[in-house]
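Analysis of the macromolecular model
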Amino acid sequence: MGRPSREMKPRASSVRDGKYAQISHDQEEQRTDSTVDNYGLDPVTEKTEKPHPARWLMLGIFGLVAQGNGMTFLAISSISGKAQDFYNVSESTVNLVVILFYAIYLPFMPLATWTVNLKDGLRGNVLVAAFVMALGCGIRAVAYNGSSASFNYYLLGTAICAVNGPFILSCFTLVPASWFPESERGMAVSIGVLANQMGMVVGYLLPPLIVTEETDRSKQKTQFLICHLTLAAITGIAFLLAFFLFKSAPPNATRRVPIRARDEMELVVALKLMVTNPNFWAYGLGFALVAPIYWDMGTLLNQNMSPSGYSDGMIMIPGVLLQAIALPGMVLAGKLIDTLHIIETIIIASLLLALCSMIVFSWAITLEKSTTNLMLITLCSVCAGFSFSMVQPAMLDLVTERTQPVPHGSTCSVLYLGTMTFGGLYMVISNYMKALHFNILICSIIAIILAASLIVPQVFPHSKTSSSSKYSVHSVSASYTDGEWKNGLETSEKGKELSHEDKCC
């Protein structure tokens, strides 16, 4: 005689305004670790959903806030010489504007990681990022008197702007996960990263177009004020749009099946899962080392080309093209990820192109100033920018996949903590090394990352279930009840026991 059947408990649910949306037992039986996608959504239920038409609006608003991060980051780099003369400060003091963005990321990273994983945390983090960015740019606008004391206000505003970094960077994969179907997420991640990069283009290109006066102090004051107010207006509009329109998830999100226990995983547990994953070290560390090279390239161009006698206008040509090439690069990367699923190939090919470009660039800057050499430097900059723009979304997407069930916010926060740390180190080291020696260091780093990308997949082959086999995504969601969110390992192990009992029955 068979054992009497018992009522099955709901094995997965989602919460919206305190209400549960349960999936059927038949759907639950189809769920396995291998069928849960990278972002913790159940393909069984997702196939029945139509993508929300507002998803592109949400991505656009998020992109506007993200571009503000890049814009405020490089807002004075392209007019560094004029800023030194206008404010009567040294080059190292002007470089503090960039260094502050790196330094302030660390103390706010744990808070941003915690808040983004809360209910409605995506909207909260985007609003915080947009608000502090607008506030900081408003304070920057006070710094137009042209004195060292006035520049202190600019640094204060910069410090406030820099707080937006950990809050906005933790959302790059969470926005696509919350709003987009799986077939569009690669492109959505690329667009988010691209927006930040396009902000750097605006921040690099806009100030030289506004601040053109060389000697007249009264005209300089007016032009610096217009420059500061323009950036403040852009960030203010971004905040208003985010405040009134941006949402964490679409209205039909009740049909999705988020991994609640995974979303609530403690940061310590998430870190443990990441640091014990060899793919994280290969691709996560690679992302942390490569991304800031691209971010700092505008500053490095000045340091490499100025001693050779190139004017600011000449340096601006490769600098602008270096940033602008990110548009086709990241769009192409997103399309290839979504259609051909060749993420590892994209990474290896991009790193190889970056390495060759940087080697030729390092040789070209040692040559005498000429139009031919300027064209060669520009070509190398475009190739390097294209390769860096391709590799960033590919690595970000791959690390998110290979480190599941770690939450997106935790993964992005740790990755960008690495980028900020190494970016700051690059800036400091470049001030104490000769340009050629620093370029050789950069080439060596790219070569090591390329080697790791080739070796690690062979030594530690990855399968869709390998990263989540120990901490079952299926079972993590099983023991969730409203008001009782259990974290990390304890929840996972309890879920395994429940799953075992059901199989026995």
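For the structure itself, consult the block above.
Bear in mind that the values here come from a model prediction, so they are computed numbers and not experimental data.

Section: the overall build of the chain
For the chain, the count of helices and strands is 22 helices and two strands. Classification of the 505 residues of the chain by burial places 57% in the buried group. Excluding contacts between residues fewer than 6 apart, the proportion of contacts in the chain whose partners are at least 24 apart in sequence is 83%. Put simply, the chain shows about 20600 Å² of open surface, and 65% of that area lies on carbon and sulfur atoms.

Description of helix α4 (residues 80-87)
Note that an α-helix has 3.6 residues per turn; residues three or four places apart therefore point the same way. Along α4, the residues that are buried comprise S80, K82, A83, F86 and Y87. Viewed along the axis of α4, the buried residues span an arc of 160°, placing them on a single side of the element. In this fold, the buried residues of α4 make contact with α5 (91-116), α7 (148-162) and α11 (217-245). Downstream of α4 by one or two residues, N88 has phi in the positive range, about 60°.

Some thoughts on α5
With 26 residues, α5 ought to run about 38 Å at 1.5 Å a step, and its terminal C-alpha atoms sit 37 Å apart, in line with that. Along its length, α5 reaches its greatest deviation from straightness, about 55°, at F108, and the proline P110 lies no more than four positions downstream.

A look at the packing of helix α16 (residues 326-339) against helix α18 (residues 371-402)
Two numbers describe how α16 lies on α18: the axes approach to 8 Å, and their chain directions differ by 35°. As α16 runs across α18, the sense of the crossing is right-handed. Judged by residue contacts, A326, P328, G329, M330, L332, A333, L336 and I337 of α16 engage F386, S389, M390, Q392, P393, A394 and D397 from α18. Partitioning the contact of α16 with α18 into residue classes produces eleven nonpolar, three polar and one charged.

Some words on the packing of aromatic side chains
The final tally for this structure, using the stated rule, is 17 aromatic pairs. Seen from their ring centres, W56 and F180 are 4.9 Å apart, and the 80° between their planes marks the pair as edge-to-face. Linking W56 in helix α3 (residues 55-73) with F180 in the loop between α9 (174-179) and α10 (185-210), this pair joins segments that are 124 residues apart in sequence. For F180, a relative accessible area of 0% translates into the label buried. For the ring pair F172 and Y416, a centre distance of 5.6 Å and an interplane angle of 80° mean the geometry is edge-to-face.

A word on unusual backbone geometry
The phi dihedral of D120 falls on the positive side, at around 65°, and the residue is not glycine. You can see D120 is positioned in the loop between α5 and α6 (121-140). A relative accessible area of 44% places D120 in the partly exposed class. One non-glycine residue, H341, lies in positive phi territory at about 55°. Note on placement: H341 falls in the loop between α16 and α17 (343-364). What makes H341 exposed here is its relative accessible area of 59%.

Brief notes about the environment of N125
Relative to the helices and strands, N125 resides in helix α6. As a C-alpha pair, N125 and T115 span ten residues in sequence and 6.9 Å in three-dimensional space.

A short note on the environment of L425
As for its position among the elements, L425 is in helix α19 (residues 408-432). Its relative accessible area of 41% is what places L425 among the partly exposed residues. Between the C-alpha atoms of L425 and I99, which are 326 residues apart in sequence, the distance is 9.1 Å.

Side note on the packing of helix α14 (residues 278-305) against α19
At a minimum axis separation of 8 Å, α14 and α19 run at an interaxial angle of 40°. Between α14 and α19, the crossing angle belongs to the class labelled oblique. Between α14 and α19 the crossing geometry is right-handed. Of the residues assigned to the contact of α14 with α19, the class counts are 17 nonpolar, eight polar and one charged.

Side note on the side chain of T115
Summarising the element assignment, T115 is placed in helix α5. With relative accessibility at 16%, the residue T115 sits in the buried group. Separated by 3.1 Å, the side chain of T115 and the backbone oxygen of A112 make a polar contact. Setting aside residues no more than four positions away along its own chain, T115 makes contact with G121, N125 and F167.

Concerning the pattern of salt bridges
Scanning the model with the defined rule gives two salt bridges in all. Between R55 and E184 there is a salt bridge whose closest N-O contact spans 2.8 Å. Linking R55 in helix α3 with E184 in the loop between α9 and α10, this pair joins segments that are 129 residues apart in sequence. Across the salt bridge formed by E344 and R402, the nearest N and O atoms sit 3.0 Å from each other. One end of the pair, E344, is in helix α17; the other, R402, is in helix α18, and 58 residues separate them in sequence. Looking at E344, the relative accessible area reads 28%, which means it is partly exposed. For R402, a relative accessible area of 9% corresponds to the buried category.

Quick word on a nonpolar patch on the surface
There is a patch of nonpolar side chains on the surface, built from L57, I237, L240, L241, F243, F244 and L245 and spanning about 650 Å² of accessible area. Sort the elements by how many residues they give to the nonpolar patch and α11 lands first, with six residues. Structurally, L240 can be placed in helix α11. Residue L240 is classed as partly exposed on the basis of its relative accessible area of 46%.

Calculation notes
- Residues numbered from 1 in each chain as written.
- Predicted model: local features only at pLDDT ≥ 70, side-chain atom pairs only at ≥ 80, totals over all residues.
- Heavy atoms only, no water.
- Helix = DSSP H or I, 4+ residues; strand = E, 2+ residues; numbered from the N terminus.
- Buried < 20%, exposed > 50% of the residue type's maximum accessible area, 1.4 Å probe, protein only.
- Contact = heavy atoms within 4.5 Å.
- Areas by Shrake-Rupley, 256 points an atom, 1.4 Å probe, with all protein chains shown as cover.
- Arc of directions from axis to C-beta.
- Expected span 1.5 Å × (residues − 1).
- Bend = angle between axes of the 7 residues up to and from the residue.
- Axes fitted to C-alpha atoms, helices over the stretch in contact; angles between N-to-C directions.
- Left-handed = near helix turned anticlockwise from the far one by under 90°.
- Nonpolar A, V, L, I, M, F, W, Y, C, P; charged D, E, K, R; others polar.
- Phe/Tyr/Trp six-rings, centres within 6.5 Å; stacked < 30°, edge-to-face > 60°.
- Parallel < 35°, antiparallel > 145°, perpendicular 65-115°, else oblique.
- Polar contact = N/O pair within 3.5 Å; in protein donor to acceptor, adjacent residues only side chain to side chain.
- Salt bridge = Lys/Arg side-chain N within 4 Å of Asp/Glu carboxyl O.
- Patch = residues over 30% accessible without salt bridge, like charges linked within 9 Å, V, L, I, M, F, W, Y side chains within 5 Å.

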